[in-house]
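Single-letter residue listing:
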Amino acid sequence: MEPESVLAAAATLLTELGEAAGLRKDLSAILADNDGADPEVLADDVVSAVLAHPEAITRFEELLEPTEARRAVCREEVLDAVRLADSVPALESAADPSVYCGYPRIEAPGEVVAGWEFRIVVGLSPEIIGSVVGNPVRSDGFSWPLTVTVQTLAEGFTLVEGDSWTVDLRVTETERYPCHVLRVRADSKNRRVWSGTLHVLYSVAGEVVGLGVRSIAVVSDPTVLGECAEATSGAPRALLLPRGDEPADLTVTILPSERSGRFHFQYQSPHVRVPGLPDECYVGDDAAQYATSLITRMASRRGRPDLMAFMTGLGKEITDVMPTRLWNVLAQVAEAVSPRVPTVLLQSAEAYIPWELAVVPDMLSSDRPAFLGCQVTLGRWVLADRRITVPPPMVVRAASMTVISGVYETDGWQRLREAELEAATLRASYGATSVEASLTDVISYFRDGPIAGIVHFAGHGQHTEGGWDNGLVMIDGMTLDPTTVKAYDFPGDTFVFLNACKASAVQGVFGGYAGLVQAFLYVGAGAVVSPLWSLDDRDARCLALAFYHRVLKGEKPAEVMRSLRAAATGGDTDLASSALAYQFFGHPHMQVERVGQFCTTGGDAA
């Protein structure tokens, strides 16, 4: 609202008001001596005075400029949107009773006024609301009825007394898309306009099955309505309802706070009662710089006697920024599933911190190293893009293996004989198909395929802070970067192993983050394994071949990575640093299944 239009409307209104009108006295006092006064301050005083006299608001809006009149129309629309209702009807089921597809339902006004009560509708929908991706899940995979727990994280909003941010919705064959109404108020933040975000987590029996996001603009008073761009839904995803798969023992969802450098930790478990409200941690505003410096610092310590002491100290630094209550919840989960190793799914909107390296304060088992990635079977997942579904896939059906490698003879890049041997062993043991690691051949492979099964890269990788050419280094000296990867689609089940230095490193883009892992998940990979820092190429070969030897015999990739990390830390410190560099992005219970003629000889790459 322009100060000039407000002051002009106030002057006209002043001439129309009777001598006894209270507003006339207020406006006269504001406008009497305004020489040298800040027009915006005067305009704010005028608006406050008018709002104290509701009988004058309509006329005041009529006197504003035509743009203000349009905003008045918007104001009425918003007033209609925030009118309270006791209930909201559930949506009708799909015509085909054999198919169930649930999407996040999050309905709220695009704009609200701070302090006003309004409603948020959370529940399930048979149709896409906003921008949603995902496929239907057939109802014969689970039993009716089904209880879906809906948890709403709404920082900056307060529940009206007597309500709860967590609600259980009962899904039946006759009522498949139930919902619930939350009555809330937006907090006042002494700002003219601020943006609030609703994160809604959906879980079944402690297993997260989906996530929805919705933005709301909050204005300081009704006269500001209409000045904000229309709020849009932010990447709600299809709900993948349980199909009898084994859920993670603990799911930790890390979501951004509205305060810079802070994140919320939310917990779900099928075994123990978890806190209903999230915990907050502060990682600082320089997490990206921290992650890059970690890569450099690790490279400088290879071969030094203090390597493991450095990594332990690093792990304690990470532990210090994590919520204390997380360790209490984890201990309860470990006790509930003892004696087996607990499984943890860590799905995160925070990209830079290697949570796997955190040192567990009270070790769950003294037989395993104290690092979180050794104490538990851990799978990470990315909450960064609407094309990456939640939760991760439970199985990758591999019909083939493709290995991308070659001979580096370009200036500046050392020949990797161990990587060449790694590729040759995969071809001999598992019948892997070769793709030359030149940019032309790799682009042709991504474009024409067929891409289905295991895609393995053995070669150089590079990452520098702010670098424009980060990614997988080809034998021709060119780099395959994350943005280029996103141009393609992996139509079939795909498991990606990037055995290249720094392949897990990420970089900021459009206010979020991007990297090779995020790019491959974006195009459809069901899981990715990659290291965060530089590796000895012999260690990389040995670890990769040991990984496939076990995974292709039926072991779960996350558990194989955990045991390889744990075994390596008991001996050679350089091997330990290589093993701890690897991150697994996928569900901790995910398995790779061979299908068709893939490796019918049952090869052995160990």
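Further up the page is the structure itself.
Residues numbered from 1 in each chain as written. Predicted model: local features only at pLDDT ≥ 70, side-chain atom pairs only at ≥ 80, totals over all residues. Heavy atoms only, no water.

Participant: Would you mind going over the overall build of the protein chain in detail, with residue names and values included?
Facilitator: When you go through the protein chain residue by residue, the secondary structure sums to 16 helices and 29 strands. Expressed as a percentage of the 606 residues in the protein chain, the buried residues total 56%. Long-range contacts, defined as pairs at least 24 residues apart, comprise 74% of the intrachain contacts of the protein chain with a sequence gap of at least 6. Of the roughly 25,300 Å² of accessible surface on the protein chain, a fraction of 49% belongs to carbon and sulfur atoms. (Helix = DSSP H or I, 4+ residues; strand = E, 2+ residues; numbered from the N terminus. Buried < 20%, exposed > 50% of the residue type's maximum accessible area, 1.4 Å probe, protein only. Contact = heavy atoms within 4.5 Å. Areas by Shrake-Rupley, 256 points an atom, 1.4 Å probe, with all protein chains shown as cover.)

Participant: If you had to explain the packing of helix 1 (residues 3–16) against helix 2 (residues 22–31) to someone new, which residues and values would you point to?
Facilitator: Axis separation between helix 1 and helix 2 bottoms out at 10 Å; the angle between their running directions is 130°. When the interaxial angle is binned, helix 1 and helix 2 end up oblique. Between helix 1 and helix 2 lies a crossing of left-handed hand. Side by side, helix 1 and helix 2 meet where L7, A10, A11, L13 and L14 of the first sit next to L23, R24, L27, S28 and L31 of the second. (Axes fitted to C-alpha atoms, helices over the stretch in contact; angles between N-to-C directions. Parallel < 35°, antiparallel > 145°, perpendicular 65-115°, else oblique. Left-handed = near helix turned anticlockwise from the far one by under 90°.)

Participant: Report on the sheet that holds strand 23 (residues 479–480), specifying residues and quantitative values.
Facilitator: Pairing in this open sheet of three strands is antiparallel, and the strands run 21-22-23 from one edge to the other. Since the sheet does not close on itself, it has two edges, and those belong to strand 21 (460–462) and strand 23, each with one partner. For strand 22 (residues 471–473) and strand 23, the ladder comprises two bridges, and the chain directions are antiparallel. Bridge assignment links L472 to a residue of strand 23, and that residue is L480. (Pairing = 2+ DSSP bridges.)

Participant: Can you lay out the pattern of salt bridges for me, pointing to particular residues and giving the numbers?
Facilitator: Under the defined criterion, the tally for this structure stands at 16 salt bridges. R259 serves as the salt-bridge partner of E280, at 2.5 Å between the closest nitrogen and oxygen. Of the two residues, E280 is situated in strand 14 (residues 279–282) and R259 in the loop between strand 12 (250–256) and strand 13 (262–268); the sequence distance between them amounts to 21 residues. Note on E280: relative accessible area 29%, which makes it partly exposed. Put simply, R447 and D448 hold a salt bridge, and the shortest N to O gap is 3.2 Å. Grouping residues by exposure puts R447 and D448 together as exposed. Taken together, the shared-partner salt bridges connect E117, R183 and R185 into one network. (Salt bridge = Lys/Arg side-chain N within 4 Å of Asp/Glu carboxyl O.)

Participant: I'd like a description of the packing of aromatic side chains, backed by residues and values.
Facilitator: For the coordinates displayed, the defined rule picks out 14 aromatic pairs. Taking 5.6 Å as the distance between ring centres and 45° as the angle between the ring planes, the aromatic pair formed by F157 and W194 counts as tilted. Of this pair, F157 sits in strand 7 (residues 157–159) while W194 sits in strand 10 (residues 193–204), and the two are 37 residues apart along the sequence. Centroid distance F265 to W355: 5.6 Å. Interplanar angle 90°. Geometry classified as edge-to-face. Taken as a pair, F265 in strand 13 and W355 in the loop between strand 15 (343–348) and helix 9 (372–375) lie far apart in primary sequence, 90 residues in all. For F265, a relative accessible area of 0% translates into the label buried. Counting every residue linked through ring pairs, the aromatic cluster contains Y430, F495, F497, F547, Y548 and Y582. Positioned over the ring face of F310 is R301, at 4.1 Å from the centre of the ring. Sitting above the plane of the Y522 ring, K486 keeps its charged end 5.0 Å from the centroid. (Phe/Tyr/Trp six-rings, centres within 6.5 Å; stacked < 30°, edge-to-face > 60°. Lys NZ or Arg CZ within 6 Å of the ring centre and 35° of its normal.)

Participant: Before we move on, could you go through the nonpolar core and cite the residues and values that matter?
Facilitator: If you look at the biggest cluster of nonpolar residues, it comprises 81 residues, and the most contacted ones within it are M311, F495, W533 and F547. If you tally residues by element for this core, the top one is helix 14 (residues 537–551), at seven residues. Counting residues in each nonpolar core, the second largest holds 42 residues, with V435, V442, V517 and V528 among its members. (Core = buried A, V, L, I, M, F, W, Y, C linked by side-chain atoms within 4.5 Å.)

Participant: An account of unusual backbone geometry is needed here, citing residue identities and associated values.
Facilitator: Residue P339 is bonded to the preceding S338 through a cis peptide linkage, with omega at 15°. Among the structural elements, P339 can be located in the loop between helix 8 (324–337) and strand 15.

Participant: Explain the sheet that holds strand 7 to me, using residue names and the numbers behind them.
Facilitator: The antiparallel open sheet is built from four strands, whose spatial order is 2-4-9-7. Both edges of this open sheet fall to strand 2 (103–107) and strand 7, since each of them pairs with a single strand only. Averaged over neighbouring strand pairs, the angle between their axes works out to 35° when direction is ignored. By the bridge criterion, three bridges tie strand 7 to strand 9 (residues 179–186) in an arrangement that is antiparallel. Bridging from a neighbouring strand, T158 pairs with R185 of strand 9.

Participant: Any chance you could break down helix 8 for me, citing the residues and the numbers?
Facilitator: With 14 residues, helix 8 should reach 20 Å at 1.5 Å per residue; the first-to-last C-alpha distance of 21 Å fits that figure. As for helix 8, its buried residues are in contact with strand 12, strand 13, strand 14, helix 7 (307–321), strand 15 and helix 9. (Expected span 1.5 Å × (residues − 1).)

Participant: Quick one: what's the story with the environment of R541, residue by residue and with numbers?
Facilitator: On the secondary structure map, R541 appears in helix 14. The residues contacting R541, other than those within four sequence positions of it, are E418, L421, E422 and N499.

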